[in-house]
Amino acid sequence: MDLYEYQGKQLFAKAGIPVSDGRVAKTPAEARAAAGELGGPVVVKAQVLTGGRGKAGGIKLASTPDEAEARADDILGLDIKGHVVRTLWIEKASDIAKEYYLSLTFDRGARKPLYMFTTQGGVDIEEVAANDPDALVRLHVDPLEGFHPWQARRLVYGAGVSDPSEQKQIAAIVGKLYDAFTRFDAMLCEVNPLIVTPDGEVKALDSKFTVDDSALFRHPDIAAMRDTAAADPIEAFAREKDVTYVKLDGEVGVLGNGAGLTMSTVDVVTFAGGRPANFCDLGGGGSAQGVVDALEVITRDPQVKAIFFNIFGGITRCDEVAKGVLQALDQMKLELPIVVRLDGTNAEEGRRILAEAAPPNLHVSPTMLDAAGKAVELAR
Ligand code: GDP
Ligand code: MN
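Residues numbered from 1 in each chain as written. Chains lettered and ligands numbered in written order. Predicted model: local features only at pLDDT ≥ 70, side-chain atom pairs only at ≥ 80, totals over all residues. Heavy atoms only, no water.

Draft legend 1. Inspection of the site of ligand 1 at higher detail. Close contacts around ligand 1 come from 16 residues, with Lys45, Arg53, Gly54, Ser94 and Glu99 the closest. Contacts to ligand 1 include lysine 45, whose side-chain N or O atom sits 2.7 Å from an oxygen atom. Within the side chain of glutamate 99, an N or O atom sits 2.9 Å from an oxygen atom of ligand 1. Contact with the protein chains covers 79% of the free accessible surface of ligand 1, which is 560 Å². For ligand 1, the cavity whose grid points lie within 2 Å of the majority of its atoms is the largest pocket. Counting only elements with at least two residues in the shell around ligand 1, the list comes to β3 (42–46), β4 (59–62) and β11 (186–196). The class makeup of the residues in the shell around ligand 1 is seven nonpolar, five polar and four charged. (Near = heavy atom within 4 Å. Polar contact = N/O pair within 3.5 Å; in protein donor to acceptor, adjacent residues only side chain to side chain. Areas by Shrake-Rupley, 256 points an atom, 1.4 Å probe, with all protein chains shown as cover. 1 Å grid on protein atoms, 1.4 Å probe; cavity = no way out; pocket = protein on both sides within 12 Å on 5 of 7 lines; lining within 4 Å. Sits in = over half its atoms within 2 Å of the grid points. Helix = DSSP H or I, 4+ residues; strand = E, 2+ residues; numbered from the N terminus. Nonpolar A, V, L, I, M, F, W, Y, C, P; charged D, E, K, R; others polar.)

Draft legend 2. View of the sheet that holds strand β18 (residues 338–344). Across the sheet, six strands lie side by side as β14-β16-β15-β17-β18-β19; this open sheet has mixed pairing. Unpaired on one side and paired on the other, β14 (244–247) and β19 (362–365) mark the two borders of the sheet. Along the sheet, successive strands turn relative to each other by an average axial angle of 20 degrees, direction set aside. Taken together, the five bridges between strand β15 (residues 252–256) and strand β16 (residues 276–281) define a ladder with parallel strand orientation. Across the sheet, the residue bridging to leucine 255 is cysteine 280, located in β16. Across the sheet, helix α10 (residues 288–299) touches β14, β15, β16, β17 (306–313) and β18, and the angle it forms with β15 is around 160 degrees. (Pairing = 2+ DSSP bridges. Axes fitted to C-alpha atoms, helices over the stretch in contact; angles between N-to-C directions. Contact = heavy atoms within 4.5 Å.)

Draft legend 3. Highlighting helix α1 (residues 5–14). Burial within α1 is extensive, with seven of its ten residues counted as buried. Listing the buried residues of α1 in full gives Glu5, Tyr6, Gln7, Gly8, Lys9, Leu11 and Phe12. Positioned one or two residues after α1, glycine 16 has a phi angle of 90 degrees, which is positive. (Buried < 20%, exposed > 50% of the residue type's maximum accessible area, 1.4 Å probe, protein only.)

Draft legend 4. Focus on the nonpolar core. Within the largest apolar cluster, 39 residues are counted, with the highest numbers of intra-cluster contacts made by Tyr115, Phe117, Ile170, Leu177, Leu194 and Phe209. Looking at this core element by element, the count peaks at seven residues for helix α6 (residues 164–183). Apart from the residues lying within four places of it in its own chain, the contact partners of phenylalanine 209 are Met1, Asp2, Leu3, Gly8, Leu11, Phe12, Ala180, Phe184, Ala186, Leu188 and Cys189. Counting residues in hydrophobic clusters, the runner-up holds 35 residues, among them Val297, Leu329, Ala347 and Leu362. (Core = buried A, V, L, I, M, F, W, Y, C linked by side-chain atoms within 4.5 Å.)

Draft legend 5. Spatial organisation of the sheet that holds strand β2 (residues 22–25). Reading across the sheet, the four strands line up as β2-β7-β3-β4 and stay open at both edges, with antiparallel pairing between neighbours. Two strands bound the open sheet, and with one partner strand each, they are β2 and β4. On average, each strand axis in the sheet is inclined to that of its neighbour by 20 degrees, with strand direction left out of account. Across the sheet, α1 lies against β2, β3 and β7 (88–92), angled at about 50 degrees from β7, the strand it touches most. Its contacts with the sheet put helix α3 (residues 65–75) on β3, β4 and β7, and the angle it makes with β4 is roughly 165 degrees.

Draft legend 6. Representation of the environment of glycine 350. Mapping glycine 350 onto the fold places it in helix α12 (residues 347–357). Spatially, the C-alpha atom of glycine 350 lies 3.9 Å from that of aspartate 319, the residues being 31 residues apart in sequence. The contact partners of glycine 350, leaving out residues within four places of it in the chain, are Cys318, Asp319, Ala322 and Leu342.

Draft legend 7. Spotlight on the layout of surface pockets. The space that makes up the largest pocket amounts to roughly 1,000 Å³. Looking at the largest pocket, it is lined by 41 residues, and the ones nearest its centre are Gly52, Arg53, Asn192, Pro193 and Asp206. Split by residue class, the lining of the largest pocket holds 17 nonpolar, eleven polar and 13 charged. Approximately 510 Å³ is the volume found for the second largest pocket. Lining the second largest pocket are 23 residues, with Leu49, Asp227, Ala230, Ala231 and Asp232 positioned closest to its centre. Of all the elements in the fold, those that place two or more residues in the lining of the second largest pocket are β1 (2–3), β6 (83–84) and α8 (233–241). Class assignment for the residues of the lining of the second largest pocket results in ten nonpolar, five polar and eight charged. (Points joined across faces, edges and corners; volume = space filled by probe spheres on them.)

Draft legend 8. Molecular detail of the pattern of salt bridges. Tallying each qualifying case throughout the model produces 26 salt bridges. One connected set of salt bridges, linked through shared partners, spans Glu5, Lys9, Lys45, Arg53, Glu91 and Asp206. (Salt bridge = Lys/Arg side-chain N within 4 Å of Asp/Glu carboxyl O.)

Draft legend 9. Just the packing of aromatic side chains, in detail. Summed over all chains, the structure comprises seven aromatic pairs. Taking the centre distance of 6.2 Å and the plane angle of 10 degrees together, the rings of tyrosine 4 and tyrosine 6 count as stacked. Residue tyrosine 6 is classed as buried on the basis of its relative accessible area, which comes to 14%. The interplanar angle of 20 degrees and the centroid separation of 5.7 Å between the aromatic rings of tyrosine 6 and tryptophan 89 together place this pair among those described as stacked. One end of the pair, tyrosine 6, is in helix α1; the other, tryptophan 89, is in strand β7, with 83 residues separating them in the sequence. Taken together, the ring pairs connect Tyr4, Tyr6 and Trp89 into an aromatic cluster. (Phe/Tyr/Trp six-rings, centres within 6.5 Å; stacked < 30°, edge-to-face > 60°.)

Draft legend 10. Quick look at the coordination of the manganese ion (ligand 2). Taken together, Asn192 (O) and Asp206 (OD) make up the full set of protein donors to the manganese ion (ligand 2), lying 2.2 Å away. With asparagine 192 in strand β11 and aspartate 206 in the loop between β12 (202–204) and β13 (208–211), the pair connects residues that are 14 residues apart, well separated along the chain. Comparing asparagine 192 with aspartate 206 shows no difference in burial state: the two are buried. (Donors = N, O, S within 2.8 Å, 3.2 Å for Na, K, Ca; no water.)

Right, dumping it as structure tokens:
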């Protein structure tokens, strides 16, 4: 689950990482009131779950409450990479002398949290990694040993921070970031920029915070931060139905049982010259209710023109799945063409059941490639 900047900063503050005082605002009037309460110049920041807000015009300084109201009016409703701005964060403006970058992310390859730190902050970190890789210091933490203060010093000295006061403040923030990361079950904590003010004070000016979905059950306060109004309505519906659903951009709806098969199905649709509109993973089961739920999710996506249902019968036998499919089609009105590929345990029996009772919009295919070709053709 990705958090908004202001939510990530709340968690930073709980871990003792310095952030600026601010207020949430949903309207220009609220932005004006917030600026009045904070006093002095403020920065009006679009809260959307994507980066690069500054470049997109989603971050503006305002020296008076009047100006904050006007900037809020400019930014609210703005479309930033497909995310419409509905919430603002009004923050006491900071003077910036330097912009650094600090992150802690989960490196799945190494199975360890990975720190990255560079004094070249404020820009896309991918740019630094590409243009000046030596400027980016990387350091893994062994999760069993935990964080040790020498690791913070290695990051700070490695990146060439020479001011002793900065060294001390950054090292402290590095340690607190590890606390935040583990305490809140994060997958990513990124501070870009981590600023140094002209007075030499170091603080987090931005936050990108991702919490492990599987750990949300032990963080009800974080789970409650989810902005259901901003979420994709189909994704929200899928979550409600407990269906694994991922939105893509093509026209063939993909349904498979098992993550591996579902991924291969996405590939084979592409190989057959089509584009998947989304994919759903039924998991191991093939119960009628599971099929109905998944089909309901898939067909809510108006981009879907045909459905490819790819089953490999292992423990769940194909004849069972075939019955599930027929029951599902009985329970719901499905007008789109659907191509079913059945293979594995009792495949012939399953195909026979479908062939006998299937409605005209259901096509049965014995191989993945055949089925994909058919689905792609029907989606045209
Ligand atoms: P992002 O573009 O989505 O990464 O949003 P950031 O929160 O990182 O802000 C982008 C840029 O806006 C920063 O790198 C700063 O240069 C500028 N900025 C943000 N807040 C302030 C502030 O309080 N004062 C000043 N002077 N600039 C700010
Ligand atoms: Mn940023």
